[in-house]
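For reference, the chains in residue letters:
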Amino acid sequence: MLSGEFHTSYASDMGIFETRRARRLLAVFIAALFAIPFAAGSYWLDVANRAAIAVIAATGLNILTGFTGQISMGNAAFLAVGAYTTAFLANHGVPFLIACPLSGVSAALAGMIFGIPSLRLKGLYLAMATLAAHFIVEFASTHWDAVTGGVAGISIPSPRVFGFEFADDRRLFFLIVPICVALLYFAKNLFRTRVGKAFIAIRDQDISAEVMGVEVFRYKLLSFAVSSFYIGLAGSLLAYQARIISPENFPLAVAIDFLGMIIIGGLGSVLGSILGAVFLTLLPEFLRLMTSALSDSFPHLVQLLTPLKVGVFGLTIVLFLIFEPDGLADFWRRIRNWFRLYPFSY
Amino acid sequence: MEFLLQLVLNGLVVGSVYSLVALGFVIIYKSSGILNFAQGEFLLLGAYVFLAIVQQAHVPMVPALLLTFGFSALLGLALEKVVLRPLIGEPIISVIMVTLGLSSVLRAIVQGIWGTDTRPAPPVFSLDPIQIGPLPVARGYLYSAASVAVLLVALTLFFKYARPGIAMRATAASQQVSLSMGISVRRIFALSWSIAAMVSAAGGILLATMRGGVDGSLAILGLKVLPVVIVGGLDSIGGAILGGLLVGVLENLAGGYLDPVFGGGVKEVAPFVALVLILMVRPYGLFGKVRIERV
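## Concerning the overall build of chain B
- Along chain B, the regular secondary structure elements total twelve helices and four strands.
- A globule of 295 residues ought to have a C-alpha radius of gyration of about 19 Å, and chain B, at 19 Å, matches this closely.
- A buried classification covers 48% of the 295 residues belonging to chain B.
- Residue pairs in contact within chain B that sit at least 24 positions apart in sequence constitute 74% of those at least 6 positions apart.

This is the structure:
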């Protein structure tokens, strides 16, 4: 019976998994994850795919905002850059294995360009500069018809890997989820390296970080690049999954959703990005089920579904910030610790 | 030449509305350091409540205006106390997100009660244009320009001579010193939120009358005004007024001359392009206070 965690070497203290049991549980969880496509219908597979894409994007945003402390409201724009790059490349016959990473790279470049103001800007002013990035990209995506198809949108062929066509949501699941898991593994490891620790140092005190030899501007730009790369990949997968994209897929509300995910999940936590993204993707589905279940006794409820979704989203964020500011990740940590040390929690 | 003049004049009058909305941002930021992303929803709610009081309760204009202001003041007070106060000392991202969350909640409430259809607004003043020299100007814009002028004078005097105004400036300068001088910082925050909510309600009513109706799109103005606040500097009342006029003119000039080239939409994006450029040169806006950081 465990009475606590006792690390005896630096390597075990720095390890991704705190205990061997955690490693085994994760393996079971991932195995269970791949059972979803055999159990779920096409609607819930679509939800699952969207959740996985949201996890990628939220992780990317968390790298920038949660770990490096740079507030970005332009993430819907980077998502759009990734998605439109994929649309352009895929329609010119570029295969998935090249188009998808290239979308990430193009989003990373866009992220670095809009990250330049972070050299001099902080906090609210940086939030405003990235918000401006959002509106500028939105303008480009509605007016650059040759690449983006304008307001009408643009369609994307199904991805093919070595001749295998990922034509429906069930097959796409086996494409999106492994990419998602790999990216999460990379993110988790990133913060055990020099680069990740430099990000955290910048978040905690940028001037002190500079004094200690962290090149603040270089690492800020790098953080923008890595974060936008993730979001760009999410955009690429989104394009393949949605099949047709238009500027309506990337409103400011999407950027706010992503910010909400990392707030609800927990800033500066990879696990938090997962929990927050899944939570906020499932929340509207849950509300939809609730309203349709109650529609017999309260027929007006169906008309109220849209404001209800918006309101519950806002209320969730407000309540989390007031009562659980460290998010679901911290909540989960407390539950886990309670069980791990049960019954000797002293 | 006449085209240019017309664009500039339109810009100035539209800009005066922006200034009015921007004032709400600045008042809150100046005392508490919070940028309120729910400002657009304050506008919306003010306009809808005014409409409901006039049309459903059949209250005459002036008492209805006063009732709306009272409602907004209470709303500001309540939100500050319930939502914002627990977040004192939290990182900026949390404060941004809580006001964003708040804006969703308020928008949902408005949609839930009044739906999404445009509602005709009661004519508070006549909408016939007035000739200024050779150019016609909508009357509503003149009223808004006039109320901006009145508010500007009133607020400047308030911050300079009234005790609460001086206390608000003191709080902005240093909360600890203000507390030790016997200023209730909590009361100052509450006061600034209720003043900002009232200013926004005034803006909402003016806009509703000018457009002849109210719908959810009114709240977008809350975002459109952000470049104004940033260009002017978040903590400068004069900057907000001047920023509003500047952005109004810029937007109209860009729209007038560049829209034919790009096929529309330049008007909306131009302020944000200007915002990025200005922030690169002057990171605290044109009139904002430069903050010196010490570790």
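On we go from here.
## Quick look at the overall build of chain A
- Check the secondary structure of chain A and you find 16 helices and four strands.
- Against the compact-globule benchmark of 20 Å for 346 residues, chain A has a radius of gyration of 21 Å, which places it among compact chains.
- Within the span of chain A, comprising 346 residues, buried residues form 46% of the whole.
- Pairs at least 24 residues apart make up 76% of the contacts formed inside chain A by residues separated by at least 6 positions.

## Observations concerning the interface of chain B and chain A
- Each partner contributes residues to the interface: chain B has 38 residues there, and chain A has 39 residues.
- Among the secondary structure elements, those contributing two or more residues to the side of chain B that touches chain A are α4 (92–114), α10 (226–232) and α12 (266–281) of chain B.
- When residues in the side of chain B that touches chain A are grouped by element, the largest group, 17 residues, is from α4(B).
- Its residues assigned to classes, the side of chain B that touches chain A shows 27 nonpolar, eight polar and three charged.

## A look at the packing of helix α4 (residues 42–67) of chain A against helix α14 (residues 270–294) of chain A
All names here are of chain A.
- Interaxial distance between α4 and α14 falls to 8 Å at its minimum, and their mutual angle equals 140 degrees. Here α14 runs oblique to α4, going by the angle between their axes. Crossing hand, α4 versus α14: right-handed. Two secondary-structure elements touch here, α4 through V47, R50, A51, A54, V55, A58, T59 and N62 and α14 through V270, G272, S273, I274, G276, A277, V278, T281 and E285.
- Grouping the amino acids of the contact of α4 with α14 by side-chain chemistry returns nine nonpolar, six polar and two charged.

## Examining helix α9 (residues 169–190) of chain A
Residue and element names in this part refer to chain A.
- For α9, with 22 residues, the first-to-last C-alpha span of 30 Å sits near the 32 Å given by 1.5 Å per residue.
- Buried residues of α9: D169, L172, F173, L175, I176, V177, C180, L183 and A187, and no others.
- Close packing links the buried residues of α9 with α2 (20–33), α3 (36–39), α4, α12 (216–242) and α14.

## What about the nonpolar core?
- Judged by nonpolar contacts, the single largest core of 197 residues is most densely connected at A:A57 and B:A47.
- Broken down by element, this core gets its largest block of residues, 17 residues, from helix α8 (residues 185–211) of chain B.

## Notes on the environment of A:Q205
- Tracing the sequence through the fold places A:Q205 in the loop between α10 (194–204) and α11 (206–211).
- It is 9.5 Å that separates the C-alpha atoms of A:Q205 and A:G69, two residues lying 136 residues apart in sequence.

## Re helix α7 (residues 123–143) of chain A
- Taking 1.5 Å as the rise per residue, α7(A) with 21 residues should run 30 Å; its terminal C-alpha atoms sit 31 Å apart, in good agreement.
- With 16 of its 21 residues buried, α7(A) lies for the most part within the structure.

## Some thoughts on the environment of A:F166
Residues and elements named next belong to chain A.
- By the secondary structure assignment, F166 is in the loop between β3 (164–165) and α9.
- Counting along the chain gives 64 residues from F166 to Y230, while the straight-line C-alpha distance between them is 21 Å.
- If near-sequence neighbours (up to four positions away) are discounted, F166 is found in contact with S158, P159, R171, L172 and L175.

## Here's the deal with unusual backbone geometry
- A positive phi angle, close to 70 degrees, is found at A:R243, a residue other than glycine.
- Topologically, A:R243 is positioned in the loop between α12 and β4 (244–245).

## Brief notes about the packing of helix α1 (residues 2–32) of chain B against helix α2 (residues 39–55) of chain B
All names here are of chain B.
- Direction vectors running N to C along α1 and α2 enclose 120 degrees, while the axes themselves pass 10 Å from each other. With respect to their mutual orientation, α1 and α2 come out oblique. Taken as a pair, α1 and α2 cross one another with a handedness that is right-handed. Seen from α1, the contacting residues are V21, G24 and F25; seen from α2, they are Q39, F42 and L43.
- Partitioning the contact of α1 with α2 into residue classes produces four nonpolar, two polar and no charged.

## Some words on the environment of B:K81
- With respect to the helices, strands and loops of the structure, B:K81 is situated in helix α3 (residues 61–84).
- C-alpha separation for the pair B:K81 and B:W193, spaced 112 residues apart in sequence, amounts to 9.7 Å.

## What about the confidence of the model for chain B?
Residues and elements named next belong to chain B.
- Of the residues in chain B, 94% have a pLDDT of 70 or more, and the chain-wide mean is 81.
- For chain B, strand β2 (residues 130–132) is the element with the lowest average pLDDT, namely 70, and α3 is the one with the highest, namely 88.
- The ipTM assigned to the predicted complex is 0.83, against a pTM of 0.88.

What counts and what doesn't
Residues numbered from 1 in each chain as written. Chains lettered and ligands numbered in written order. Predicted model: local features only at pLDDT ≥ 70, side-chain atom pairs only at ≥ 80, totals over all residues. Helix = DSSP H or I, 4+ residues; strand = E, 2+ residues; numbered from the N terminus. Rg over C-alpha atoms; globule rule 2.2 N^0.38 Å. Buried ≥ 20, exposed ≤ 12 C-beta atoms within 10 Å, placed from the backbone. Contact = placed C-beta atoms within 7 Å. Nonpolar A, V, L, I, M, F, W, Y, C, P; charged D, E, K, R; others polar. Axes fitted to C-alpha atoms, helices over the stretch in contact; angles between N-to-C directions. Parallel < 35°, antiparallel > 145°, perpendicular 65-115°, else oblique. Left-handed = near helix turned anticlockwise from the far one by under 90°. Expected span 1.5 Å × (residues − 1). Core = buried A, V, L, I, M, F, W, Y, C linked by C-beta atoms within 7 Å. pLDDT = per-residue confidence, 0-100.

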